[in-house]
Amino acid sequence: MVPQQQSRIPEDARGYDDFDGVIGRTSSESVPWWRPEPTAPAGAPNIVVVLIDDMGYSDISPFGAEIDTPHIAALADRGLRLSNYHTTPVCSPARAALLTGLNPHRAGYGSVANSDPGFPGLRLELADDVLSLPEILRENGYATFAVGKWHLVRDANMSPGRSRDSWPVQRGFDSYYGSLEGLNSFFYPNQLIADNSVVDIEEYPDDYYVTDDLTDRAIGQITSLRAHDADKPFFLYFSHIAMHGPHQVKQTDLDKYRGRYSQGWDEVRRKRFDRQVASGLFDPGTPIAERNTEPGYDAPPWDELSQEEKQRFARYQEVYAAMVDSVDQSVGRIVDTLTELGELDNTIIVFTSDNGGTAEGGPAGTRSYFSQFVHGPVPPDWERDVPHDEELIGSAALGVHYPRGWGQASNTPFRFYKGQTFAGGVRVPFVLSWPKGLPRAADDNGVRRQYSYVTDIVPTLLDLAGLSTPTHRRGKPAQERDGVSAAEVLRDGTANSAHTEQYAEFGGHRGFYRDGWKLVSLHRDPADVDNPIWELYDVTADPAETDDLAARHPALVAELAAAWDAAAWRNTVFPLFDSPADQIRRRPEEARYGDPVRILAGTSTLERYRSSKLIAYRDFDIEIELDEWTPDDAGVLVAHGDQQGGYVLYIEDGVAHVVFNSYGRIVRTSAEVPRGTDRLTLRAVATPQVRWDLTLEARTDDGQSEVIAKLDNQFQLIGMAPWTGISVGVDARGPVDAQLRARRGTFRFGRALRAVTYRPGAVRVPESVRREIEESAEYHAD
């Protein structure tokens, strides 16, 4: 029996209030107590969500593709295909909705996480009262892992010293490895994050490919957990950087698809739709959408292309197909790991896409990905597609994207693309497998045609696993979810969908679904954004939205338009942007990113967005401090960018070389460095025509300066270029000059380099031009 004095704890004693044991003056008079850790229910399933970027409805074999995806097909054979699953028109909103169960604007993501307009529906950071799926699962005793693309962090918050509140580890993941960006290079990622820190890598291995790297990490997370804990269920969020551009793929995968697409996109669409009907996704007689003909969205008939165009365009699709194949291989490796562990049957695996196939490659595709982003009033000689050897298409040397004709084929049988609220932008493949919990009956073809939406993923997974949701997050009442569970539909193919209506909005495009009817509009004129031209479709009979019934049902149009308006107010969709400049607005405090900065030699690569603010649309000087330099000192002084665009200054054999990579077109100049030089200055003078005139000056230790080299009239690097940030004393990560990388590697400079100072100058490009370019770049960055 514990002596009575154990209860005589002084009132001002601290640290005992939440202790449920007994405290006496000595341990023999006390009873220990441990705060219980969350424990998952017995037999709780693992959960794996595989999210693909920019993959259309028909790009995997269970949804009609000719692309080899046997591992995804095996998931469908063991599980279910949701043929009427919908998402948001672009990436960040879809990811926010998928991970929270909230409608995208309520979650704060009415657009992509690349600006900060200053309105509730566009916070572009997750709020403190928004619970995420990994946070919920962690409270239910799960381990939580994430790999791949995140894109729920404003780009201004990707650098050291900024808020990490919306980074993966702060939102419930035990570990994270991947890219915070909306896109990345597959051979030379500009920046990778491990948990909360930048991976300070200088040079990627020769055989590096980001999909393989992410898969290795995901498998490592799973196997490491099992080595330490045999029973704890886990959640893996595998968010692929594929299939977002720039499209790049390993040669071994590309070789497999050589010559497969010479028939063109019209024939590919027809055959894919035939397979979709044959496999039960659609009824015989269902209409397929005609080729898009609207200006800016149109795809020409394949037969009208020149032979040269057909050959190049087919190569673009060969690359895309090979990338899909690489994703399938990744899925196979995850499945093999689960099989080896004996856990495949009790793992819920979801495979889906964040939005539909994209038209960002334009009508003809591109071999100069970041140049393709630069729209608006740029000079008429702007090159959106720098010619290259077509054998390089798909390699690390180029950033390519297919023409939008292949985007429509990706979205078979629907109209339009990523970014629009028509089915092509929001209706994507969805496969779910859980052999133990959702075994398929012999007479069940595994197709569920009931409507479902991306917000339904969280409640469905929690329902299937039998898990509860906390009511609070960090002491605040958590926002209620908008999604509803589809578990009943998954278990019973005859059940009705509980999700009966849903609004959609992105960039002024609108949509509203209710009980098989869909109201939709295509936004064309910013000044007229609040005056939509509505179209109405019976999407049960006409899923491809081919027969506009608005004129025949004006009362229904008015009813659904009013419902959209009410939903928009409830979900913080307003304000709509009647000025594109408002949508790309940044916080005033970000202006300081354009202040001068001195970077010591050896400093880690500056983050991409921070680096861009030092040069975009403006004059700038790069002052390079040398200490007792001699002609024996060689290496890269400063590098900014990679093969998709950038510049590098290096010294070799006493000669200074300036290499300017204009979205893949490389120009060079060089000059001997005078003896006694203690400072080199690369000056860039911007012109209103979006060009730079570059000069290289040398200052000797007697104070004399002279211009030793010039490069005039170069296209400015703007939009999303340069993609890799600034490195001092080395050309880190992606090479600006592939020839230099092949000869000298990253070519690190020695002790004679002290520091580099960037001094941004006047902005010369008119504001109206800058705004149009930045609006286009922000949209495509997702």
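Everything numeric here is computed off the predicted structure, so don't read it as measured data. For every chain, the first residue of its written sequence is number 1, and the numbers climb from 1 along that sequence. This being a predicted model, a pLDDT of at least 70 is required before a residue's local features are given, and a value of 80 or more before pairs of side-chain atoms are given or counted; all residues contribute to the totals for chains, interfaces and linings. Calculated side-chain values reflect all of the structure's heavy atoms, with hydrogen atoms and water omitted.

## Structural notes on the overall build of the protein chain
Each helix is a run of DSSP H or I of at least 4 residues and each strand a run of E of at least 2, with the numbering of both proceeding from the N terminus. Counting secondary structure elements, the protein chain contains 18 helices and 29 strands. The globule rule is 2.2 Å times the number of residues to the power 0.38, and the radius of gyration it is compared with is taken over C-alpha atoms. Taken over the C-alpha trace, the protein chain has a radius of gyration of 28 Å; the compact-globule value for 782 residues is 28 Å, and the two agree within 12%. In terms of its C-alpha atoms, the protein chain occupies a principal-axis envelope of roughly 90 × 85 × 50 Å. Residues counted as buried form 62% of the 782 residues belonging to the protein chain. Contact between two residues is taken to exist if any of their heavy atoms lie within 4.5 Å; hydrogens are not considered. Contacts in the protein chain between residues far apart in sequence, at least 24 positions, make up 74% of those at least 6 positions apart. Throughout this description, buried means an accessible area under 20% of the type-specific maximum (1.4 Å probe, protein chains only), exposed means over 50%, and partly exposed covers the range between.

## Examining the sheet that holds strand E15 (residues 501–506)
By definition, two strands form a pair when at least two bridges between them are found by DSSP. With antiparallel pairing, four strands are arranged side by side in an open sheet as E15-E16-E17-E18. Of all the strands in the sheet, just E15 and strand E18 (534–538) have a single pairing partner and so form its edges. Strand after strand, the sheet turns through a mean of 15° between neighbouring axes, direction not considered. The pairing of strand E17 (residues 517–521) with E18 spans five bridges and is antiparallel. The residue bridging Ser 521 from the neighbouring strand is Trp 534, located in E18. Only the stretch in contact is used when a helix axis is fitted, and all axes are lines through C-alpha atoms; the angle between N-to-C directions ranges over 0 to 180 degrees. Against the sheet, helix H14 (residues 554–570) touches E15, strand E16 (509–514), E17 and E18, its axis set at about 110° to E16.

## Digging into the nonpolar core
Residues belong to a common nonpolar core when they are buried Ala, Val, Leu, Ile, Met, Phe, Trp, Tyr or Cys residues joined through side-chain atoms within 4.5 Å. Counting 75 residues, the largest nonpolar core has Phe 234, Leu 236, Met 243, Phe 351 and Trp 406 as its most contacted members. Beyond its immediate stretch of four places on either side in the chain, Leu 236 contacts Ile 47, Val 48, Val 49, Phe 145, Val 147, Ala 218, Gln 221, Ile 222 and Ile 334. Counting 70 residues, the second-largest nonpolar core is a separate cluster that includes Ala 113, Leu 131, Ala 146 and Val 539.

## Considerations on the pairing of strand E22 (residues 645–652)
Most of E22 is tucked away: eight of the eight residues are buried. Pairing of strand E21 (residues 635–642) with E22 involves seven bridges; the strand directions are antiparallel. Residue pairing in the sheet places His 640 in a bridge with Tyr 647 of E22. Linking E21 to E22, which pair antiparallel, is a turn of two residues.

## Digging into the confidence of the model for the protein chain
Mean pLDDT for the protein chain: 95, with 98% of residues reaching 70 or above. Counting interchain partners and residues more than four positions distant, the pLDDT-below-50 stretch residues 1–6 has nine contacts. You can read pLDDT as the predictor saying how much it trusts each residue, on a scale of 0 to 100.

## Some remarks on the pairing of E15
A large share of E15 lies buried, amounting to five of its six residues. Strand direction decides the pairing type here: E15 and E16, joined by six bridges, are antiparallel. Across the sheet, Gln 502 pairs through a bridge with Tyr 513, a residue of E16. The antiparallel pairing of E15 with E16 creates a hairpin that spans two residues between the two strands, and Gly 507 there sits at a positive phi of about 55°.

## Quick word on the sheet that holds strand E28 (residues 726–728)
Strand order in the open sheet made by the five strands is E24-E23-E22-E21-E28, with antiparallel pairing throughout. The open sheet has two edge strands with one neighbour each: strand E24 (665–672) and E28. Across this sheet, the average inter-strand angle for adjacent strands is 10°, counted without regard to direction. As defined by bridge partners, strand E23 (residues 655–662) adjoins E24 across eight bridges and the pair is classed as antiparallel. Pairing of His 657 across the sheet is with Ser 670, part of E24.

## Structural notes on the side chain of Ser 166
Residue placement: Ser 166 occurs in the loop between strand E4 (143–149) and strand E5 (175–179). Accessibility expressed as a relative area gives 1% for Ser 166, which makes it buried. Within 3.5 Å is the distance limit for a polar contact, defined as a pair of N or O atoms, with the added protein rule that one can donate a hydrogen and the other accept it, and that residues adjacent in sequence qualify only through two side-chain atoms. Here the side chain of Ser 166 touches Leu 126 through a polar contact of 3.0 Å, landing on its backbone nitrogen.

## Focus on helix H8 (residues 307–340)
Taking 1.5 Å as the rise per residue, H8 with 34 residues should run 50 Å; its terminal C-alpha atoms sit 49 Å apart, in good agreement. The element H8 is largely enclosed, with a buried count of 25 among its 34 residues. Just downstream of H8, Gly 342 is the residue with a positive phi angle, here 75°. In a helix, the anticipated span is given by 1.5 Å times the number of residues less one.

## A look at the packing of helix H1 (residues 70–78) against H8
Following both chains from N to C, one finds H1 and H8 inclined at 55°, their axes separated by 7 Å at the closest point. As judged from the angle between their axes, H1 and H8 are oblique. Facing Pro 70, His 71, Ile 72, Leu 75 and Arg 78 of H1, the residues of H8 in contact are Asp 328, Gln 329, Val 331, Gly 332 and Val 335. What sets the label is the angle itself: under 35 degrees gives roughly parallel, over 145 gives roughly antiparallel, 65 to 115 gives roughly perpendicular, and the rest give oblique.

## Section: the pattern of salt bridges
A pair can form between side chains of opposite charge whenever their charged atoms are brought close. In what follows, salt bridge is the name for a side-chain nitrogen of Lys or Arg lying within 4 Å of a carboxyl oxygen of Asp or Glu. Across all of its chains, the model carries 60 salt bridges by this definition. Asp 200 is the salt-bridge partner of Arg 733, the closest N and O atoms lying 3.9 Å from each other. Note that Arg 733 is positioned in the loop between E28 and helix H17 (738–744) and Asp 200 in the loop between strand E7 (197–198) and helix H5 (210–228), a separation of 533 residues in sequence. For Asp 200, a relative accessible area of 53% translates into the label exposed. The residue Arg 759 makes a salt bridge to Glu 623 at a minimum N-O spacing of 2.9 Å. Of this pair, Arg 759 sits in strand E29 (residues 753–763) while Glu 623 sits in strand E20 (residues 618–626), and the two are 136 residues apart along the sequence.

## Observations regarding the packing of aromatic side chains
Working definition: a ring pair exists when centres of Phe, Tyr or Trp rings (six-membered ring for Trp) sit within 6.5 Å. Plane angles under 30 degrees give stacked, over 60 give edge-to-face, the rest tilted. A complete count under the given rule lists 40 aromatic pairs for this structure. Residues Phe 173 and Phe 235 carry aromatic rings whose centres are separated by 5.9 Å and whose planes lie at 25° to one another, so their mutual orientation is stacked. Linking Phe 173 in the loop between E4 and E5 with Phe 235 in strand E8 (residues 234–239), this pair joins segments that are 62 residues apart in sequence. For Phe 173, a relative accessible area of 1% translates into the label buried. For the pair Tyr 369 and Phe 370, a centre-to-centre distance of 5.5 Å together with 70° between the ring planes defines the contact as edge-to-face. Taken individually, Tyr 369 and Phe 370 each receive the classification buried, so the pair is uniform in this respect. Sitting over a ring, as applied to charges here, requires NZ of Lys or CZ of Arg to be within 6 Å of the ring centre and within 35 degrees of the ring normal. For the cation-ring pair, Arg 217 lies above Tyr 177, with the distance from its terminal atom to the ring centre recorded as 3.8 Å. When the ring centre of Trp 564 is taken as origin, the NZ or CZ atom of Arg 510, which lies over that ring, is 4.2 Å away.

## Some details on unusual backbone geometry
The residue after Gly 245, namely Pro 246, is reached through a cis peptide bond having omega 0°. In this fold, Pro 246 is placed in the loop between E8 and helix H6 (251–255). A positive phi is found at Glu 628, a non-glycine position, where the angle reads about 55°. Along the chain, Glu 628 falls in the loop between E20 and E21. Non-glycine residue Tyr 663 carries a positive phi angle of around 55°.

## Some remarks on the side chain of Thr 669
Inspection of the secondary structure assignment puts Thr 669 in strand E24. Thr 669 sits in the buried class, given a relative accessible area of 17%.

## Quick word on the environment of Gly 172
Here Gly 172 is to be found in the loop between E4 and E5. C-alpha separation for the pair Gly 172 and Arg 592, spaced 420 residues apart in sequence, amounts to 32 Å. Once you skip the residues sitting within four places of it in the chain, Gly 172 turns out to touch Pro 134, Glu 135, Arg 138 and Thr 144.

## Quick notes on the packing of H5 against H8
One can describe the packing of H5 onto H8 by two numbers: an axis separation of 10 Å at closest approach and a directional angle of 15°. Classified by the interaxial angle, the pair formed by H5 and H8 is roughly parallel. Handedness of the crossing formed by H5 with H8: right-handed. From H5, Thr 211, Asp 212, Thr 215, Asp 216, Ala 218, Ile 219, Ile 222 and Thr 223 reach across to H8, where they touch Ser 326, Ser 330, Arg 333, Ile 334 and Thr 337. Residues are grouped as follows: nonpolar covers Ala, Val, Leu, Ile, Met, Phe, Trp, Tyr, Cys and Pro; charged covers Asp, Glu, Lys and Arg; every other residue, Gly included, is treated as polar. Looking at the contact of H5 with H8 residue by residue, the class counts come to four nonpolar, six polar and three charged. In a left-handed crossing the near helix is turned counterclockwise from the far helix by less than a right angle, and in a right-handed crossing that turn is clockwise.

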